[in-house]
Structure formats: structure tokens, C-alpha cells
Amino acid sequence: MKKPVRIAVTGATGQIGYALLFRIASGDMLGKDTPVILQLLDLPQSQTAAQGVMMELQDCAFPLLVDMFATHDPEVAFKDADIAILVGARPRSKGMERSDLLQANAEIFAAQGAALNKVASRNVKVLVVGNPANTNAYIAMKSAPDLPAKNFTALMRLDQNRALSQLAEKTGKPVSKIKKLCIWGNHSPTMYTDYRFATVENENVAEIINDQDWYINEYLPKVGKRGSAIIEARGLSSAASAANAIIDQIHDWVIGSDDEWVTMGVPSDGSYGIPEGIVFGFPMTCKNGEYTIIKDLPIDEFSQERINQTLAELKEEKAEISSLL
Ligand code: NAI
């Protein structure tokens, strides 16, 4: 049997946590041959709920779940973690300004980055989900100077999956046939869904659809504002689809994307003029536990404008939290 993988999950008793943990333990994320140890972090007041979640995990009798524990101490939760999924974050409360939310979360992710730096595996792969995910990932990365910066990523896969499904619906083709769809930038309505390179059965998707008005005025806003549409319809933010995207993103990062393009928010290496270190969604492929940004794609005027817009938002967020770093 393989060595168990230690997976820390924060916000473990929240909605996403509840949709995520059972899928990790069942082997959906790392495969049916990889045992896992779940290290759950949540606030002190959520520890009883965490015991309840663990009772249910136990009642599933998952063969791959070899151990688990819950704690409110990040240094306990992150001890020797191979993978850390940072879901727990401060939600926006009534009357809270965006900048207050940024500050409140910056404190959480600075503390968690420092704890990862101190106790996690030196190769820990970190996926930040709690919003604002890209900036929180940046803060955690900056707070963990002894860990490889490239291992701090933000969840952008939900945006990719949403964008794919909408294209499948429009073209009438199965999701699995659509390749090379790119999402650039921030996990926010400013992100840029770029379908210029997308293909379906080797034909160019943009040419098949041939409707730029639909693309600009329907598709882009629909994908960008999907999160709000779900809150409006469900009364709660996306949880099962977010958990599914976490499973997809970590699966591909660890196991590989089979040469398919996927999107993750990663610290920029300067590609496409994005300043180094900013956690930005890029198209990439993954192999042997490493990701490689797809380089040298042509960027036309419209794309550059959209990339500039989402970058400007990330720069603003970074400026707002810079005093904490
Ligand atoms: P939730 O409110 O149901 O759960 C959050 C959990 O985090 C709670 O159990 C809470 O006690 C815990 N928590 C809060 N502060 C913590 C801390 N300092 N340490 C450990 N745990 C802490 O929220 P939900 O629906 O699970 O969403 C979590 C986050 O994920 C939110 O920030 C949400 O905006 C974000 N999100 C991000 C998506 C993405 O694509 N990047 C998609 C959907 C949600």
C-alpha cells in the first residue's frame, strides 16, 4: 500500500468542507490506490460540529481513510501536511466594506501561511479557496518564505468548469470534447474567459459559434457572475461545485492533466507581462506534480484589455493588504 497522504482542510465544517471531505476520503481526488489522512481545521466554536463530520466520515467506512483528526490550531492541522486546502475564510457580513473583508482575511491567511512555513511538508501543495482566493494565496505565500512560492495556488477551476459547461450547452457538444479553454486573472467577475484557442473535435469553437455579440454580451458576463446567480437562486454560495473544482484542480496538479489545458491561479513567473508573484489565472498543463504555464499565446487587443482589467483589480487588492506583509 502507498504511503498515506496528509491532507489539511481548513473551514472543514463549512458548506464546501462538507461537500469536499467525503470525496477526498473516497479516492476521487488522488485515486483509489492512495490512502489519506485528513487533518481538519476550524474555529474553536466549530469543534463539536467537526466531531460530527468525523463521525459521518467514520460511518462511511472508507477503505482509503486511514486516520483523521480535528483541531482549531493551524500548527497542529498543518503538521507534515502534503496538501493544504485553505477553504475557511471570513464571510462578508452586513455593512462590511470590501477593504474590511480583505483585511480580515489577510490576517487569517498570513497566520496560516506562517503555520505552514513552520510545520508543513517542505513540498506541501497549497490550494487557497477562501475569497478573495488569489490575494489570500499571495498572502499565504509571502508569509511562508521557506516553502516554494510556486506551491501556493488559488482555485480557478470552478471558473473553468463553469465556462466549459456554458460552451458545451451553446455548441451542443459534450464537455469532454472541448479543449484549450483559458481563464485569465482573478477569481472574480473581472476574470477573462478566452475561447480563442478552444477546440471541439479539432474545430475552433469561436468559429463554430460565430457570434461575437453572444460571446461578449452573454457568455462572458454569465460565466463571470455565475457565483452571484447561484447565491440568488440557492440562497447560499456554490458549495458542491466548488468542492468538485477543488477535487479536479488538485487531481490534475498531483496526477497530471494528460496534456490538456487547465487553469489554476499561480504566482506569475512574469509570463504575459504579469508582474512576478501576483497570483494570476493562466492556462497550463500539469505533469508529475508540476505545472507549466502555456507560453507565447498571441494576445490581441481585446484580450489585452481584459487581462489589464483583471490585473488592475489584483494590484489594487495587493496594495490594500501590503501593510500586513
Ligand atoms: P462557510 O461559511 O459555509 O464555511 C466556512 C468555514 O470556515 C466555517 O466552518 C468557519 O467556521 C471556518 N473558518 C472561518 N475562519 C476560519 C479560520 N480562521 N480557520 C479555520 N476555519 C475558519 O463557507 P463556504 O461556503 O464553505 O465557503 C468558504 C470560502 O470559499 C468562502 O470564502 C467563499 O467565498 C469561498 N469560495 C471560493 C470559491 C472559488 O472558486 N475560489 C468558490 C466558492 C466559495
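Residues numbered from 1 in each chain as written. Predicted model: local features only at pLDDT ≥ 70, side-chain atom pairs only at ≥ 80, totals over all residues. Heavy atoms only, no water.

Domain parsing of the protein yields domain 1 (5-154) and domain 2 (156-321). When each unit is reduced to the centre of its C-alpha atoms, the spacing between domain 1 and domain 2 is 23 Å. Taken together, the 36 residues of domain 1 in the interface contact 38 residues of domain 2. For the pair domain 1 and domain 2, the summed buried area comes to about 2900 Å², and 64% of that belongs to carbon and sulfur atoms. (Domains from an automatic or database assignment. Contact = heavy atoms within 4.5 Å. Buried area = accessible area lost by both parts, 1.4 Å probe.)

Our focus in this paragraph is the packing of helix α1 (residues 15-26) against helix α10 (residues 240-255). In contact at an axis separation of 8 Å, α1 and α10 are set at 40 degrees when each is read in the N-to-C sense. Accordingly, the angle class assigned to the pair α1 and α10 is oblique. For α1 against α10, the interelement crossing comes out right-handed. Taking contact as the criterion, the partners of Ile16, Ala19, Leu20, Arg23 and Ile24 in α1 are, on α10, Ala240, Ala242, Ala243, Asn244, Ile246 and Ile247. Here the residues of the contact of α1 with α10 sort into nine nonpolar, one polar and one charged. (Axes fitted to C-alpha atoms, helices over the stretch in contact; angles between N-to-C directions. Helix = DSSP H or I, 4+ residues; strand = E, 2+ residues; numbered from the N terminus. Parallel < 35°, antiparallel > 145°, perpendicular 65-115°, else oblique. Left-handed = near helix turned anticlockwise from the far one by under 90°. Nonpolar A, V, L, I, M, F, W, Y, C, P; charged D, E, K, R; others polar.)

This part is about the layout of surface pockets. Taken as a whole, the largest pocket encloses approximately 1600 Å³ of empty space. For the largest pocket, the lining is made up of 50 residues, of which Ala89, Val129, Gly130, Asn131 and Ser237 are closest to its centre. If you list the elements that add at least two residues to the lining of the largest pocket, you get α1, α4 (98-119), α6 (157-171), α8 (212-224), α9 (226-234) and α11 (301-321). At five residues, the largest contribution of residues to the lining of the largest pocket is made by α4. Of the residues assigned to the lining of the largest pocket, the class counts are 22 nonpolar, 19 polar and nine charged. Looking at which domains feed residues into the lining of the largest pocket, each of domain 1 (5-154) and domain 2 (156-321) gives three or more. (1 Å grid on protein atoms, 1.4 Å probe; cavity = no way out; pocket = protein on both sides within 12 Å on 5 of 7 lines; lining within 4 Å. Points joined across faces, edges and corners; volume = space filled by probe spheres on them.)

The next subject is the side chain of aspartate 159. As for its placement among the helices and strands, aspartate 159 is situated in helix α6. On the accessibility criterion, aspartate 159 (2% relative accessible area) is buried. Excluding residues within four positions of it along the chain, aspartate 159 makes contact with Ile183, His187, Met191 and Val223. (Buried < 20%, exposed > 50% of the residue type's maximum accessible area, 1.4 Å probe, protein only.)

Next up on the list: the site of the ligand. As a structural note, the neighbourhood of the ligand is formed by 24 residues, with Gln15, Ile16, Asp42, Val129 and Asn131 the closest of them. Within the side chain of threonine 13, a nitrogen or oxygen atom sits 3.2 Å from an oxygen atom of the ligand. Isoleucine 16 places a polar main-chain atom, nitrogen or oxygen, 3.0 Å from an oxygen atom of the ligand. For the ligand, the protein covers 82% of the area, taking 870 Å² as the surface of the free molecule. Because more than half of its atoms lie within 2 Å of the grid, the ligand is assigned to the largest pocket. Mapped onto the shell around the ligand, the elements with two or more residues apiece are α1 and α4. Tallied by class, the residues present in the shell around the ligand amount to eleven nonpolar, twelve polar and one charged. Shared between two domains, the shell around the ligand holds at least three residues of each, these being domain 1 (5-154) and domain 2 (156-321). (Near = heavy atom within 4 Å. Polar contact = N/O pair within 3.5 Å; in protein donor to acceptor, adjacent residues only side chain to side chain. Areas by Shrake-Rupley, 256 points an atom, 1.4 Å probe, with all protein chains shown as cover. Sits in = over half its atoms within 2 Å of the grid points.)

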